[in-house]
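Here is how the chains run, residue by residue.
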Amino acid sequence: MRDVSHLPARGDRTPIATAITIQSCPVILDDRPDVELARQELDRNQPLYQKLLDKNLGDEIVLAEDEFGFLGKNTATIVAIKDKYFAAGKQSLDLLDTVFNIKGFSLAPVPISEDYGIDPKFFQNLQEMLKQYEENFNRAKSDYRAGKIPFGTLAIVINKNPVESWEMLVDGSEPYIHCWSNFQEKFDNSLARLKKGGLVIIDLVSLLTLYRLGIADSVVQTLGKFGIAQSTLNLLRQEVEKCQGIKSDGESILCTINGQLVRQEFTLENAAKRKAYFEQLICWVRNNCYILPCRQALTISRDERAKRNEVLGFSSVDTLLIASEPNRILYSDDQWLRYFAYTESGVGGVWTQVVLNYCLQQKSINEEKYRNAILQLIDWGYNYTIVDADILLEGARQAEWNIKTQYLAVLKVLEDQRTSADYVIFVATEFLYKLYNEDIMPLYRDYLIFKLLTAITAKRSKSSMLNGLIVRLQNKFSSFYIINYQEVVNLIKIWKYTQNIVT
């Protein structure tokens, strides 16, 4: 630990511009017009500011009191009073000592000599450190994909704001969001939950998802205003504040991709666009969400809440607690968070595909918007997402009837063994029927069919899948389409024959 004893302390009484630690939670009293709650800064308009003003070291204050007398008082003790600059300096130094994989990095000295310039060993060491970070990130992401850790834990492990963590997951080379894997959590039951009604409490992941999909307004028209935690809004503000701190010449970010050192430029223009985006999102939240107090925090101990924060993060914990109140529904695209909510509080949850399906039924979005939104979720790696023949056909259409990402991404869902064989055969049959009603070149259609057959048999019995498909096709294609049926069956035989040659 670095020695910070030489920095001046304030004393044992609380004047203005003071950092106070209540139990283990630091806050700053600073009566100026631009204070930020996201930085734990309080001005005279905050109730806690008035309670702390002129208090002494060791004094006990009442944070909250149940007016009915059931829960009693929630009190805290002042354990430290220091100059705010001393507190901020110590916090920054402690951060570099404790946060995984950034120790000594933010202020790394660059060894330069007049004769040889920058020491080559510096870049070697820097690259090695960045490579280690990449390996640790990939390991954490692998654990997340395997369902071993929640989204909030991933953000904590890689030391990223959850907003940035979500962006890294959906915009990366292998996008993935662990959205729905517990199939005991029935889709229809979640849909019925929305039909029954209740205040929908939205978490950060789903907020970012819905807003970027561009249909957030339509969803609010159907479900009503969301409930949201203040700590979720604070995370959005942090992104705005980081953009405000970018200098006029921008920033260069060093990282490694596949072990190779890469420099990424973040210009002032990039910062301005990002700042505007999150300011618009914050404005949308204020107009379309109720920012709710976390009353349930009074029902658990500080130690228990601290443990939860270490695992899930402040925003996720607050969202869980707010959603646990009566007649509320948790809206989260994090499978783990919904699992915690149900097992601990019996709170039912929904995720974005359920919400979109409900809006489609209520006719607040049309079929085209629904299909496009589902295709986007698939492209972002939201796993598991249900697909049907119309979505597969739309993917092929957006791929311009070629073997491109839009089509292949939907096929990957059908390839997943968690999708029942009977359902896959049903979707394939409906898709082939619809495909023959599209005006496309026969060669393109044949390629699409061959790729479909490859996907649905990749992890299943070829003979069982193909025989089942032929039976369904025979029932689907009436006598009016007998020629089309025979053509599809011939293509299946050709594909099967080529597979036998390859194997």
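These remarks concern the structure in this document. Please read all numbers here as calculations on a predicted model, not as lab measurements. (Residues numbered from 1 in each chain as written. Predicted model: local features only at pLDDT ≥ 70, side-chain atom pairs only at ≥ 80, totals over all residues. Heavy atoms only, no water.)

**Concerning the packing of aromatic side chains**
Evaluated as defined, the whole model comprises 21 aromatic pairs. Ring geometry for Tyr144 versus Tyr176: centroids 6.1 Å apart, planes at 85 degrees, classification edge-to-face. Linking Tyr144 in helix α3 (residues 120–145) with Tyr176 in the loop between α5 (162–171) and β8 (177–178), this pair joins segments that are 32 residues apart in sequence. You'll find Tyr144 and Tyr176 in the same group, each marked buried. Lying over the aromatic face of Tyr433, Lys476 brings its terminal NZ or CZ to 4.7 Å of the ring centre. (Phe/Tyr/Trp six-rings, centres within 6.5 Å; stacked < 30°, edge-to-face > 60°. Helix = DSSP H or I, 4+ residues; strand = E, 2+ residues; numbered from the N terminus. Buried < 20%, exposed > 50% of the residue type's maximum accessible area, 1.4 Å probe, protein only. Lys NZ or Arg CZ within 6 Å of the ring centre and 35° of its normal.)

**Digging into a nonpolar patch on the surface**
Nonpolar side chains collect at one region of the surface, where Ile403, Leu408, Met441, Leu443, Tyr444 and Tyr447 lie side by side and expose about 540 Å² of accessible area between them. For the nonpolar patch, the leading source of residues is helix α19 (residues 442–457), giving three residues. Inspection of the secondary structure puts Met441 in the loop between α18 (421–435) and α19. (Patch = residues over 30% accessible without salt bridge, like charges linked within 9 Å, V, L, I, M, F, W, Y side chains within 5 Å. Areas by Shrake-Rupley, 256 points an atom, 1.4 Å probe, with all protein chains shown as cover. Salt bridge = Lys/Arg side-chain N within 4 Å of Asp/Glu carboxyl O.)

**Re the nonpolar core**
Side chains of a nonpolar character, in soluble globular proteins, are inclined to be buried together. Of all hydrophobic cores here, the largest spans 103 residues; its most connected members are Phe226, Leu236 and Leu452. Contacts of Phe226, omitting those with residues within four sequence positions, involve Leu199, Val200, Ile202, Leu210, Val219, Val220, Trp284, Asn288, Cys289, Tyr290 and Tyr331. Leu292, Ala297, Leu321 and Ala341 belong to the second largest nonpolar core, which has 15 residues in total. (Core = buried A, V, L, I, M, F, W, Y, C linked by side-chain atoms within 4.5 Å. Contact = heavy atoms within 4.5 Å.)

**Looking at the packing of helix α14 (residues 352–361) against helix α15 (residues 367–379)**
Axes are the key here: two packed helices are described by the angle between their axes and the distance separating the axes. Put simply, α14 and α15 touch, their axes get as near as 10 Å, and they point 175 degrees apart. Between α14 and α15, the crossing angle belongs to the class labelled roughly antiparallel. Contacts from Thr352, Gln353, Leu356, Asn357 and Leu360 in α14 reach Glu367, Tyr370, Ala373, Ile374 and Leu377 in α15. Residues that form the contact of α14 with α15 fall into these classes: six nonpolar, three polar and one charged. (Axes fitted to C-alpha atoms, helices over the stretch in contact; angles between N-to-C directions. Parallel < 35°, antiparallel > 145°, perpendicular 65-115°, else oblique. Nonpolar A, V, L, I, M, F, W, Y, C, P; charged D, E, K, R; others polar.)

**Considering the packing of α18 against helix α20 (residues 462–476)**
Packing of α18 against α20 brings their axes to within 9 Å, and their N-to-C directions diverge by 45 degrees. Put simply, α18 runs oblique to α20. Between α18 and α20 lies a crossing whose hand is right-handed. Contact with α18, carried on its side by Ala421, Val424, Ile425, Phe426, Ala428, Thr429, Glu430, Leu432 and Tyr433, involves Met465, Gly468, Leu469, Arg472, Leu473 and Lys476 of α20 and no other residues of that element. (Left-handed = near helix turned anticlockwise from the far one by under 90°.)

**Observations concerning the environment of Asn309**
Along the chain, the position of Asn309 falls in helix α11 (residues 302–312). Here Asn309 falls in the buried class, since its relative accessible area comes to 11%. With 156 residues separating them in the primary sequence, Asn309 and Thr153 have C-alpha atoms 9.2 Å apart. Excluding anything up to four places from it in sequence, Asn309 contacts Ile156, Phe314 and Val317.

**Concerning the environment of Gln362**
Relative to the helices and strands, Gln362 is located in the loop between α14 and α15. Note: C-alpha distance between Gln362 and Thr222 (140 residues apart in sequence) is 7.4 Å.

**So, the pattern of salt bridges**
Where charged atoms of side chains with opposite charge meet at close range, the side chains can pair. Counted under the stated rule, the structure contains 24 salt bridges. Across the pair Arg274 and Glu239 runs a salt bridge whose closest N-O atoms are separated by 2.7 Å. Highlighted residues: Arg274 in helix α10 (residues 268–288) and Glu239 in helix α9 (residues 230–244), separated in sequence by 35 residues. Residue Arg371 is joined to Glu367 by a salt bridge in which the shortest nitrogen-to-oxygen separation is 4.0 Å. You can see Arg371 and its partner Glu367 sitting in helix α15, four residues apart, about one turn around the helix. Overall, Glu367 belongs to the partly exposed group, its relative accessible area being 43%.

Take it as geometry only, folks, not as evidence of what the structure does.
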